[in-house]
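# An overview of the molecular structure
Letter by letter, the chains look like this.
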Amino acid sequence: MKTTLDKKVSVIICCYNEEQNIPTVVDAIHENLKKTGYQYEIIAVNDGSTDNSQVLLENMATKDPHLFYIEFSRNFGHQNALKAGLDNASGDCIISMDADMQHPPRMLPDFIKKWEEGYDIVYTKRQEDPSISKAKRTSSNLFYNVINFLSDIHLDKGAADFRLMDRRAANVLVNIKGGDLFIRGIISWIGFKQYAIDYMPDKRLSGKTKYTFKKMLHLAAQGILSFSTKPLQIALYLGFIIALLSLLFIPYAIISLISGHVMAGWVSLILTVAFLGGLQLFILGIIGLYIGRIFTQTKGFPPYIIRSTNL
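Description of the structure in this document.

### Things to note about the nonpolar core
Formed by 36 residues in total, the largest nonpolar core has its most connected members in Ile13, Ile29 and Phe111. With near-sequence residues (within four places) excluded, Phe111 lies in contact with Ile95, Val122, Thr124, Phe162, Arg163, Leu164 and Ile197. With 26 residues, the next largest nonpolar core counts Val45, Ala169, Ile186 and Ile187 among its residues.

### Description of the sheet that holds strand β3 (residues 67–72)
Strands sit in the order β7-β5-β6-β4-β1-β2-β3-β8 across an open sheet of 8 strands; the sheet is mixed. Because the sheet does not close on itself, it has two edges, and the strands there are β7 (194–199) and β8 (306–309). Across this sheet, the average inter-strand angle for adjacent strands is 20°, counted without regard to direction. Where strand β2 (residues 39–46) and β3 come together, 5 bridges link them in parallel fashion. Paired with Val45 across the strands is Ile70, a residue of β3. Each of β1 (8–15), β4 (93–98), β5 (121–126), β6 (159–166) and β7 is contacted by helix α4 (residues 108–116), which is oriented at about 50° to β6, the strand it contacts most. Sheet strands in contact with helix α6 (residues 167–174) are β4, β5 and β6, and its direction is about 115° off that of β6.

### Points about the side chain of Asn32
Looking at where Asn32 falls in the secondary structure, it is placed in helix α1 (residues 22–34). Its relative accessible area of 8% is what places Asn32 among the buried residues. When near neighbours in sequence (up to four residues on either side) are disregarded, Asn32 contacts Pro105, Arg106 and Pro109.

Rules used throughout
Residues numbered from 1 in each chain as written. Predicted model: local features only at pLDDT ≥ 70, side-chain atom pairs only at ≥ 80, totals over all residues. Heavy atoms only, no water. Core = buried A, V, L, I, M, F, W, Y, C linked by side-chain atoms within 4.5 Å. Buried < 20%, exposed > 50% of the residue type's maximum accessible area, 1.4 Å probe, protein only. Contact = heavy atoms within 4.5 Å. Pairing = 2+ DSSP bridges. Helix = DSSP H or I, 4+ residues; strand = E, 2+ residues; numbered from the N terminus. Axes fitted to C-alpha atoms, helices over the stretch in contact; angles between N-to-C directions.

Put into structure tokens, the structure is as follows:
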């Protein structure tokens, strides 16, 4: 059985134009992991940054034996950056976090303590920060509500990609191939013994958030399409209900014919045709999204391309 000195902790930090934040977060990780007594490595995944993040990481890595970097050939997205870190981590447990200091490094010993108690996954639930805008809070709540309603998984509100995974759980993600990953959903789906920790995010050290409303919508679509066919079921039920309601026009047409009244309603007819045409296009769009995912998977393209690494 491995002792503390034999076990290794891997920390993955995802970086996209975080040049000003990287030195601070790396120093904070060192400070908090040294006190645990574990061996550790820090893997910084540079997700196609356009600033000097890569040059900075290379210079830091020459002086820091614990620090490693993975440079992507372009921006492949946050989820694929996490996947690259998991694929290349060698620790007995793996902690993932962002490089903007909003995921507090001081919580790392708490993660490890829960892991020592036997939990395979220790994940975090972000508490609402009253200082952020109402629009941001609304979009965040909408994201989790839509995911939970339309998919077959359940995500706790505020569940973040700031978590610890035991090697057994991490290996499940490592063995998953293909792009368009939704790692939060996979974590919920795979099970294992999980423990949630509430946390209040720290203030961003510098820069601005990379998760725009558009990216949140894309992430929600990934979660829904990856774990549920419920949108197709809703489309089926909606089509059935409209077809059933349309049968009500038959008695009206017969009665009008017998009584000699001309059926009026050119405007209502046009509106009905327009509504049904739009509904058909909407349903075809849903089907197209699923077919598009099949097409993407069958191409077999890798989820990311590594340009350089010191691993």
